[in-house]
Each structure stands twice: as C-alpha cells, then as structure tokens.
Amino acid sequence: MNTRHLVILFLDQLSETLSALSGFDSSRDTVLMIEADDLFCNVPHHRLKIAFQIAAARQFAASLAESGYRVRYSRLEDADNTQIWQHEAVRLCNDITPEKIIVTEPSEWRSHQAVLSLRELCSFPVEMRQDTRFFSTKEGFSSFASSRKVLKMEHFYQRQRKEHGVLMDGNKPIGGKWNYDSDNRRSLPADTIIPPTTRFKADRTTQSIVRLVNQRYPDHPGSDFPFYFAVTRKDALTLLEEFIQTRLACFGDYQDAMAFDQPWLFHSHLSFYLNNGLLLPKEAVSMAEQAYDQSMAPLNAVEGFIRQIMGWREYVRGIYWHKMPSYREENYFNMNRSLPALYWHGNTKMACMAQCVGDTLQHAYAHHIQRLMVLGNFALLTECDPAAVQDWYLAVYADAYEWVELPNVVGMILHADGGYLASKPYVSSGNYINKMSNYCGCCHYQVKEKSGDKACPFNYLYWHFLLTQKDRLSSNPRLVFPYRTLAKMSKEKLDQIKKDSETFLENIDDA
Ligand code: FAD
Ligand code: SF4
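Worth saying up front: this structure is predicted, and the values here are computed from it rather than measured.

Cut-off values and rules
- Residues numbered from 1 in each chain as written.
- Chains lettered and ligands numbered in written order.
- Predicted model: local features only at pLDDT ≥ 70, side-chain atom pairs only at ≥ 80, totals over all residues.
- Heavy atoms only, no water.
- Helix = DSSP H or I, 4+ residues; strand = E, 2+ residues; numbered from the N terminus.
- Pairing = 2+ DSSP bridges.
- Axes fitted to C-alpha atoms, helices over the stretch in contact; angles between N-to-C directions.
- Contact = heavy atoms within 4.5 Å.
- Parallel < 35°, antiparallel > 145°, perpendicular 65-115°, else oblique.
- Left-handed = near helix turned anticlockwise from the far one by under 90°.
- Nonpolar A, V, L, I, M, F, W, Y, C, P; charged D, E, K, R; others polar.

### Quick notes on unusual backbone geometry
1) Next: Cis geometry is found at the peptide bond from Met324 to Pro325, where omega equals 5°.
2) Next: Tracing the sequence through the fold places Pro325 in the loop between helix 12 (299–323) and helix 13 (342–345).
3) Next: The phi angle at Leu167 is positive, at roughly 50°, despite the residue not being glycine.
4) Next: In this structure, His415 is a non-glycine residue whose phi angle is positive, near 55°.
5) Next: By secondary structure assignment, the location of His415 is in the loop between helix 17 (402–413) and helix 18 (430–436).

### Section: the environment of Gly140
1) Next: Assignment of secondary structure puts Gly140 in helix 5 (residues 138–146).
2) Next: As a C-alpha pair, Gly140 and Gly318 span 178 residues in sequence and 8.5 Å in three-dimensional space.

### Considerations on the sheet that holds strand 2 (residues 30–34)
Working definition: the strands of a sheet are paired by backbone hydrogen bonds and lie parallel or antiparallel to each other.
1) Next: If you trace the five strands from one edge of the open sheet to the other, you get 3-2-1-4-5, paired in parallel fashion. A strand with exactly one partner marks an edge of an open sheet, and here the two such strands are strand 3 (70–74) and strand 5 (126–129). Adjacent strand axes in the sheet meet at a mean angle of 25° when their direction is disregarded.
2) Next: Bridging between strand 1 (residues 5–9) and strand 4 (residues 100–104) involves four bridges; their strand directions are parallel. Each bridged residue has a counterpart across the sheet, and for Val7 the counterpart in strand 4 is Ile102.
3) Next: In the packing of helix 2 (residues 47–66) onto the sheet, contacts are made with strand 1, strand 2 and strand 3, and the angle to strand 3 comes to roughly 155°.
4) Next: On the sheet, helix 3 (residues 85–96) packs against strand 1, strand 2, strand 3 and strand 4 and is oriented at approximately 140° with respect to strand 3.

### Considerations on the packing of helix 19 (residues 457–468) against helix 22 (residues 491–506)
1) Next: Two elements in contact, helix 19 and helix 22, have axes whose closest approach is 9 Å; the angle formed by their N-to-C orientations is 110°. As summarised for this structure, helix 19 and helix 22 are arranged roughly perpendicular, according to the angle between their axes. Viewed along their axes, helix 19 and helix 22 form a crossing whose handedness is left-handed. Here Pro457, Tyr460, Leu461, Trp463, His464 and Leu467 of helix 19 lie close against helix 22, whose contacting residues are Leu494, Ile497, Lys498, Asp500, Ser501, Phe504 and Leu505.
2) Next: Tallied by class, the residues present in the contact of helix 19 with helix 22 amount to nine nonpolar, two polar and two charged.

So this is what it looks like as structure tokens:
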C-alpha cells in the first residue's frame, strides 16, 4: 500500500497530540519508530533508562496500532537493524517511499542534525513541525534572550506566566508575589511521614526488554532493583494524580531537603514522563493550578512546582537551542580533572556522595538538590572537566536528554558558561549539606571540622575554589560576603586550606 506521509517519531515523542501526528490519515499515512544502538551508546546510558525508553516506546506504538494507525517499528533485536538511527531512517524511508516525511522538531541537537541530513540522504521532502508540547518556542526564547543584556530565569518565568495566564489575578500574580522560593527552604523534621509512591510491576513484555538491555549493554551502569516505572500514559497519569493529591502540598516546604534512603521526598518524580511525552507539561501545570483553586495545596507549593516546569524547564531548553552547538564546549574555569571513579560506583567515605550516587545508580533518579548541591557541587569543587561531568549526567538519569541535562550541567552546576544561565556558581561548604540533610551524622568526616584528615572535604574545597578562582569571581556582587571572609583569613589558614585541598585532590580515590 502506498504511503502519503511517513511520520517519524523519536523515542521521547510518545504523545498522541504530537504536532507531527496532526492530520494523520490512517488509510494513507504510516508512523515510523526506530530503536538503534547508537541512541543508547553515545554515553553508557543507565540500563534502567534504556529499558524505560524502549518499553514506553513499544507500548506507545502498540497503542497507536490498536487505534488504527499503520506503524512500522524497527526493534533493537531485529536482524536487519543497522543500529545507527540515521541509516535505519534512510533504509526504511527508501523501503516505504512516502510522498513526504513529517517530524516534530527533535529535542536534541544530534537528532535534529540527523533529520536535517535526511533531506540530503533521501529524495523525499521533509517537513519539520514545531514541538507544541512546550509553553514557549525556541524562536520566542531566542528573541527574548537577544533583547537582554543579562538573562534571568525570573524574567522569563514571569513572562511565561503572563502569556499563558497561569496563577494570575488579572495582570498581577495570585498572592501578590511572583516567586515563593524563600519560603521553600525548610529542612525535614525527623518524624516526617513521606507518602508512599506507586511502583508498577513490570509485565512480561517489559521484563523481557529489561533482560534484553542487561544482556546487550552489560558494561553500562545499572541496578538489580526491579523495574517499576510507568511505561504507559495511563500509568503515568496515575502518578501525576497521586503526586497532586499526596505530595504537592509539601513540595514547596521541603523542596531543598535531603534524607537518607529517601530519594523522592515530596518531589513529583514526573520528569521521566514529561520528557518522553507520556505526560504533557501543560496538563501537569493545569492540575497543580486546580489543586490551588480547590485549596488542596498552598501557594508556595503550587507556585514552586509550576515555576520548575514553566520556568526552569523551558528556560534551560531555550538556552540549549539558543547556544548550541558551542554551548557544549564551554569551560570558563578551564577545569580539566577526570571525573572521580566514585561517581560510577558510589564507594566513598563521604556519606552524602555515597547516598546520592547510590540513589542514582539504583533508581536512575536523584532529586534536584542531590544533583545540584551534592553531586554538582563536588564536581565543581574537585575541578572536573565539564565534558566528563556532562557525560555522567547524561548517562545516569532516566530523564536525561541533552537539551535539559547540558544547560543544568554547564550553566547551573559548573558555571562553565561564565554566568550566562545563573548569576553565581552553586558551591557550598559542608554546612549547607548538614543543614538540609541528615547525611552528616553518619559520615566518616566531621562537618564541623575545617582542616585535617577528619575534616569534611567540602569545607576546605569550598574555600580553595574561591581562592583559586578569585580573579574571575571576586567582583561578583553575589559573592561579596564569602570573599570578605576570605580576605580576613590568616596566611596560615589559607596555606592549610591549600594543603588539605591538594592532598585530597591527589588521593581522591581513597576519599
Ligand atoms: P520535581 O522536583 O518534582 O520538579 C518538577 C519538574 O520540574 C521536573 O519533573 C522537571 O520537569 C522540572 N524541573 C525542575 N527543575 C528543573 C531544571 N533545573 N531544569 C529542567 N527542568 C526542571 N532534569 C531533567 O528532566 N533531565 C535532566 O537530564 C536533568 N539534568 C539535571 C542535571 C543537573 C546537574 C541538575 C542540577 C538538574 C538536572 N535536571 C534535569 C533538573 C531536575 O533536577 C530534574 O528535573 C528533577 O530532579 C526531576 O525530578 P522530579 O520530576 O521529581 O522533579
Ligand atoms: Fe558530606 Fe561532609 Fe556531611 Fe560527610 S560531613 S556527609 S562529606 S557534607
């Protein structure tokens, strides 16, 4: 049967409302989906992440077929799969010979380039449509960014709220303030009950995908933990509703808290599904807004959650597309140390790092403050090469796609873009980690100790970083206080900081 339009879907485009599917005619059009080794091996992606992507994509393809769509699907284990996405696309397009290829703009630079190359490699016209799942467009962001001397997430976020009428009372923000972040920094009381989250039992199809991935990629990071993620829209919606009902109300208060063996706390754990298309950002925002209207959650929680999705998520996407491909190469501090091996195994005497790496390896997930203030903080303080840090973050999280991982790594944790995304580096001593978590009580190191073998490494490394980056950072208005403190330190103290830091960095594998 002849094909009029061949709609190619990427594995993170699992939404029936996707722009590429608009106008689809089941009698004349065909959907094409492709799995290939090169999608999963550019960095050693976590095995749970690969299994999640494949299981969700296959379920989505099956649900399309059930609804009457013609679907052609190239599976990883198919004998004729060339295992390179672009080659597969060309092979199947030549086989199907459509009148036209339609795609929704891919989320990542490399997939975008692969689609552009199809224009040259195939003789069929290619139509690329906007990804309307986002509140903003790439072009809209670029014109916003180009019109400003200094970029601030807060300005972009307020613009988004006004434009889409979210949490607004006429022209003013509901409650009178745009941002309730200052209310959202409470540490977790010891007796807090964390609501349980649903874990889905993998069906036989998903279990066989998990086995396939484990056999195919034995050297990738992974976990023996049973697979429990949602792989259908129905199950992902259950998780969204559960979050709104049981955890959103405390999301704001404990957004920055961390606790032993509690990677979720009051976080939504929805990024996996928002990023692969099973959930739509607009429905998550609208349900949170409704929860506020129905007094199910306070404003600081609802605003905080909505800011992450309409603000940060879209801001980092905007920066990614505005700055690529050179954004990947940014290295403002000229850092060049390798990523410590402990990031891959989690064996370390530092309780905070052991816990955050451990959570990551077990669940392919860690919440934002773990990623930012423990794992990211340590990567910057230990002077890691940004490229190595990018590869790690892209590999280990099930929600990691370059468009969202890269700006968070380059701009937020490493300040490698010299302050384009964030106005100051997110570095801290052990004091912050101790205030926001219960990690330090069980640590080999002493958080109150500033120097010597038993001192918390974050303490001297923090000052060492400020000291070594003085030329670049001391005029930053947001770092006035720490530089004032540094200026008052005696020469002996500064020498000790240098000595402790250098010893630590030389022996990092024993830390
Ligand atoms: P919640 O805390 O419940 O937040 C709700 C939603 O807001 C998230 O699901 C996410 O969609 C969005 N969000 C929150 N913060 C950010 C942010 N800074 N950037 C983009 N979206 C945000 N998020 C990813 O989705 N993929 C990544 O690869 C990724 N890499 C990161 C790397 C680093 C170094 C850091 C510091 C953050 C990274 N984030 C990434 C952002 C954030 O940590 C995760 O979105 C969040 O932890 C996902 O968990 P959650 O769904 O429980 O989020
Ligand atoms: Fe981490 Fe330092 Fe606390 Fe240990 S003492 S858990 S290294 S912050």
